[in-house]
Amino acid sequence: MRFVSTRGGPEVSLDKALVNGIAPDGGLYVPVELPTFSVDDFTAAATLPEVAIVLLQPFFTDSSLRDELADVLAETFSFPIPVTPLPNGGSRAGLLELYHGPTAAFKDVGAGFLAACLTRLEGDESLPLTILVATSGDTGGAVAAAFNERPGMRVVVLFPDGRVSARQAHQLTCWSDNVLSLTVSGAFDDCQALVKSALADDVLNGHYRFSSANSINIGRLLPQATYYADASLRHFRETGRKPGFVIPTGNLGNALACIMAREMCLPIGPIVLATNANRTIPEYFETLEWIPRASVQTLASAMDVGDPSNMERLRNIIGEADVLRDCLGVLSVDDEQIEASIRKDFAEFGFATCPHTATASHTWRQFDQQLRTANDWILVATAHPAKFETVVEPLIGEAVPLPDELAAILSRPSRCESIEPDLRSLAAAMGAHFADG
Ligand SMILES: *Cc1c(COP(=O)(O)O)cnc(C)c1O
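Figured I'd write up the structure that's included with this text. In this text, all values refer to a predicted model and were calculated from it rather than measured experimentally. (Residues numbered from 1 in each chain as written. Predicted model: local features only at pLDDT ≥ 70, side-chain atom pairs only at ≥ 80, totals over all residues. Heavy atoms only, no water.)

## Notes on the overall build of the protein chain
Scanning the protein chain from N- to C-terminus turns up 19 helices and 14 strands. A globule of 437 residues ought to have a C-alpha radius of gyration of about 22 Å, and the protein chain, at 21 Å, matches this closely. On the principal axes, the C-alpha backbone points of the protein chain span a range of 60 × 50 × 40 Å. Taking the intrachain contacts of the protein chain between residues at least 6 apart in sequence as the baseline, contacts between residues at least 24 apart amount to 73%. Carbon together with sulfur atoms contributes 49% to the accessible area of the protein chain, which is approximately 17,000 Å² in total. (Helix = DSSP H or I, 4+ residues; strand = E, 2+ residues; numbered from the N terminus. Rg over C-alpha atoms; globule rule 2.2 N^0.38 Å. Contact = heavy atoms within 4.5 Å. Areas by Shrake-Rupley, 256 points an atom, 1.4 Å probe, with all protein chains shown as cover.)

Right, here's the structure in full:
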């Protein structure tokens, strides 16, 4: 399989698309075509990694990782991704639990897969690859966890001082020597600007081999399609019905993976996106005009995106708003509705949901009778509620038990340095930490 930028340009191999991240023309890599499957192709695939091998093999035909795909996937899926039936939904509704990875959010899947691929492609102990990542919370933790202690790989995490939760901060700062955690006196935008100028700086590039692990890398998208394939195949085999999915959506990476799985003919019914008060996507569907804007802060903070970059991929793969709105639903959920939904989930399901997952459960409750009963529904749970305990616990009136994976992280010692939002401070901190760099 070859890959091409959404803005045209020459075709490249998967290896090059993985290493480049973003295409030289500023576009996003997409496969030149999507393979299609029948349910029977997966007859011998009993587990998620086995389903993933069948689904991803066509993308790896001319990759140097072709023969290592099984190992890459075994590393990626070192934790389960179950669908739990919802008590009040009967067998007609379930929760896809994407939060059993090391940092208890779905980004562990993409980050783990990318780390497994890049270590094999680019890991070099004599001149390590240095991954720069600016984060407002979840991404940096997942990337740090995925690259922690990998030979030939380093990570520099930059996050805004005082703007992430205590548990998020811990997840960004509890790793081994190959991860440098820096809190920047500034906002997320300052962190992102700093990464951009470091990547472009001649002096730094003389000392380091840089890469970035941002969410638009095709290596984050491909493995996400596999859990939709696995969940839908299981449901279809058991019931003969194609499940619909309701997906909390910010930058559109997770939802796009589901849409790609459906394009590849997996047994997936309707797909509905749940956004928070950032309404760029719902307004695009209403007005047919794409108007990106600054993001607004909400309780579902990992979805605070005003200019979802994966929309460029979605338009390239499927089409413009007039086509998209016929094959996708979308609902915007405000903070008040998120709070009400967390309370209702707890009362009806008997367990808490995180503020992101609550956008999906609210959306599902809003469905009219016809939509709700004509389909079976799988709600996508993107993070564990214990990650957002300061929001969730006051609403449900009790403590959310800490899952083992989060408890393990929170028991690790944490360390971090502060820097000013300028290149000199960043270079000094890196020079001191990576003494041989
Ligand atoms: C990143 C994130 C989202 C949004 O996913 P996108 O792929 O950006 O749409 C939703 N929930 C949680 C918990 C996240 O970390």
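## A look at the pattern of salt bridges
All told, the structure shown has 20 salt bridges when counted by the stated rule. Arg120 serves as the salt-bridge partner of Glu75, at 2.8 Å between the closest nitrogen and oxygen. Placement of the pair is Glu75 in helix α3 (residues 69–76) and Arg120 in helix α4 (residues 107–122), with a sequence separation of 45 residues. Glu75 sits in the partly exposed class, given a relative accessible area of 35%. The class of Arg120 is partly exposed, set by a relative accessible area of 27%. One salt bridge in this structure joins Arg241 and Asp376, with 2.8 Å as the shortest N-O distance. Here Arg241, found in the loop between α9 (218–239) and β10 (244–248), pairs with Asp376, found in the loop between α16 (369–374) and β13 (377–381); they are 135 residues apart in sequence, far enough to count as distant. Residue classification places Arg241 among the partly exposed positions, given a relative accessible area of 34%. (Salt bridge = Lys/Arg side-chain N within 4 Å of Asp/Glu carboxyl O. Buried < 20%, exposed > 50% of the residue type's maximum accessible area, 1.4 Å probe, protein only.)

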